[in-house]
Every structure is written in structure tokens, then in C-alpha cells.
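Reading the structure
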Amino acid sequence: MWLNGDEDQGPVPFGLAIADMLAGAAAAQGILAALVRRGLTGTGSHVETSLLEALVDFQFEVLTTHLNDGRRLPRRSAFRSAHAYLSAPYGVYPAKDGYLAIAMTPIPKLADLLALEQLAPYRDQPSTWFTARDEIKAIIAQKIATKTVDDWLAILEPADIWCAKVLTWPEMMASEGFQVLDMLQTVTREDHVSILTTRSPLRVDGVRAKVERAAPRIGEHSAKIREEFGL
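Everything quoted here is computed from the prediction, not taken from an experiment. (Residues numbered from 1 in each chain as written. Predicted model: local features only at pLDDT ≥ 70, side-chain atom pairs only at ≥ 80, totals over all residues. Heavy atoms only, no water.)

**Quick word on the domain arrangement of the protein**
Split by domain assignment, the protein resolves into domain 1 (1-75), domain 2 (91-166) and domain 3 (179-229). Each of domain 1 and domain 2 has a C-alpha centre, and the two are 32 Å apart. (Domains from an automatic or database assignment.)

**Re the nonpolar core**
Ranked by size, the top nonpolar core spans 25 residues in total, and within it Leu100, Leu114, Leu119, Ile136, Ile140, Ile144 and Leu156 carry the most contacts. The set of elements that each furnish at least two residues to this core consists of β2 (99-102), α4 (107-114), α6 (133-144) and α7 (149-156). Ranked by residue count, the leading element in this core is α6, at five residues. The residues contacting Ile140, other than those within four sequence positions of it, are Pro89, Tyr93, Leu110, Leu114, Leu116 and Leu119. (Core = buried A, V, L, I, M, F, W, Y, C linked by side-chain atoms within 4.5 Å. Buried < 20%, exposed > 50% of the residue type's maximum accessible area, 1.4 Å probe, protein only. Helix = DSSP H or I, 4+ residues; strand = E, 2+ residues; numbered from the N terminus. Contact = heavy atoms within 4.5 Å.)

**A short note on α4**
Turning to α4, its buried residues number three or more, namely Ile107, Pro108, Leu110, Ala111 and Leu114. Angularly, the buried residues of α4 cover 165° about the axis, an arc narrow enough to put them on a single face. Buried positions along α4 lie against α5 (128-131), α6 and α7. Among the residues trailing α4, Ala115 stands out with phi positive, at a value near 55°. (Arc of directions from axis to C-beta.)

**Quick notes on the pairing of strand β4 (residues 184-188)**
Residues Gln185 and Val187 line the buried face of β4, whereas the alternating positions Leu184, Thr186 and Thr188 sit on a face that is not buried. Note: β4 against strand β5 (residues 194-198), five bridges, orientation antiparallel. From the neighbouring strand, Gln185 faces β5, where its bridge partner is Thr197. The loop that links β4 with its antiparallel partner β5 comprises five residues; one of these, His192, has a positive phi angle of about 70°. (Pairing = 2+ DSSP bridges.)

**Observations concerning empty space enclosed by the protein**
Counted according to the given criterion, the structure contains one cavity of 30 Å³ or more. Considering only enclosed or pocket space, the largest cavity measures out at about 40 Å³ in volume. Looking at the largest cavity, the residues that line it are Thr188, Arg189, Glu190, Arg213, Ala214, Ala215, Pro216, Glu220 and His221. For the lining of the largest cavity, the per-class residue count stands at three nonpolar, two polar and four charged. (1 Å grid on protein atoms, 1.4 Å probe; cavity = no way out; pocket = protein on both sides within 12 Å on 5 of 7 lines; lining within 4 Å. Points joined across faces, edges and corners; volume = space filled by probe spheres on them. Nonpolar A, V, L, I, M, F, W, Y, C, P; charged D, E, K, R; others polar.)

**Concerning the packing of aromatic side chains**
Applying the stated criterion to the full structure yields zero aromatic pairs. Residue placement shows Arg133 over the ring face of Phe130; its charged tip is 4.7 Å from the ring centre. Lying across the ring of Trp152, Lys147 places its NZ or CZ 5.8 Å from the centre. (Phe/Tyr/Trp six-rings, centres within 6.5 Å; stacked < 30°, edge-to-face > 60°. Lys NZ or Arg CZ within 6 Å of the ring centre and 35° of its normal.)

**A word on the sheet that holds strand β3 (residues 163-165)**
The strand order across the open sheet formed by three strands is β1-β2-β3, and the pairing between neighbours is antiparallel. Two strands close off the open sheet at either side, each with one partner strand: β1 (91-94) and β3. Taking each pair of neighbouring strands and ignoring which way they run, the sheet shows an average axis angle of 25°. Pairing between β2 and β3: three bridges, direction antiparallel. Pairing of Ile102 across the sheet is with Cys163, part of β3. Across the sheet, α6 is in contact with β1 and β2; its angle to β1 comes to roughly 40°. (Axes fitted to C-alpha atoms, helices over the stretch in contact; angles between N-to-C directions.)

**Comments concerning the pattern of salt bridges**
Under the criterion given, the structure shown has eight salt bridges. Of the charged contacts, one joins Arg217 and Glu220 as a salt bridge, the two residues approaching to 4.0 Å between their closest N and O atoms. Glu220 sits in the partly exposed class, given a relative accessible area of 23%. When salt bridges with common partners are traced through the structure, they connect Arg189, Asp191, Arg217 and Glu220 into a single cluster. (Salt bridge = Lys/Arg side-chain N within 4 Å of Asp/Glu carboxyl O.)

Pasting the structure below:
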């Protein structure tokens, strides 16, 4: 939370149960590795992780930089804040009708596409794209605010600029890309309660698994399991 916040507002909680999700993903990888080991050697494994271990691993990039860079703390951009170790123009910018995300892009190329003469002092000095990133991003933000997201995409995408509209959930689900993925399904519990939810993000041999049965309620099958094991 500290890394996600800034000096003004302090630590900022994530909007997702990120520690639980990461620990689950790490455990799944460990189990798969154990299955491979058993298949090769016939030896089983005891796989363990924790929320703390998963969160430390999640920060390996910035934490490794900190450990090998004189223990200096990461300093996030103060304007349209984003990755602490990426230079301008990386960030999210408000347009007339939404937000536009711009990733790694050479400042001279972006300055020409946006018709921004104010970026002239930074064009030929790549070091300033980091040291003066707040000033550069403020100039870009003023320009982006003058047009709609689609107006800018029509200019930037043909030039192969890494950019995208920041979508809300309704916009994402209405998008052609999301609909092609077919990521939603309805599952039903044994008590006939139905839930619309997501499908697996994995495709095996081009096919995404689809299920109709929902996960059981906590303790729903406890009696059957005890009976199976003679408890």
C-alpha cells in the first residue's frame, strides 16, 4: 500500500484482494511443479507459500532495484503518477470524454504527433524525460485535454504509439475484444442459486473450459468427505 500511495495521501489500499490472488497463483504454480517432479522422479513434494511471501515476490522488480541502487526509495511521478522507474510520457491523461493511457514513447515522436512545440527543450535530451518527467507530463496533459479519446487514438494508433482508452467495466464488456473472448458464464449451485461470473483465463488447445456447476458452499460436502475417509 505504501508503494501504491504518495506523500500527500499516504498508503493507498488496492481495489482487489491482491495478496490472496497472488498467493493462490503462486501455490498453483508450486503444485504444478510438484506434479512434474513426481512424474519425473516419483517423489512427492510439500508446497507452501504465504500472503507475505507472495507480496514480496510481486515487488521483485522495484525491490531488487532498491536493494542494488544504494537502498534509495522509489520516487513516483508527482503528476499523473505511474511507475516509479519509467520516464515521461508514461501515465494516464484526462481527455474531453475519458482517460487516455500512454506508455513508453520517444518524446520527439510524441511531440510531433501532438504538435507540441513546448516539448522542444526536451526533444534531444533523453535524460530529461526522467528528471523532468513531471514538467513534460503536465505539458502533454494540457494538450490531451483538448480532444476526445477517439480523436487522439485516430492520431496516435496509426503511428504505432502504445496507447489505449481507459475502459470502465461497462465499456470493457461492451467492447468487441471482450465479447470475442467469451469470458462470462452462468453457474448454478445445488440449491438452484445461479450466478453470472467469469470463465477460466486459460485456453487449452484453443478451447476455454466452461462449467455449469458453481463452487459448493462452505461445509456443503463435509459430511460426504468424512464418510469417504471413515471419520
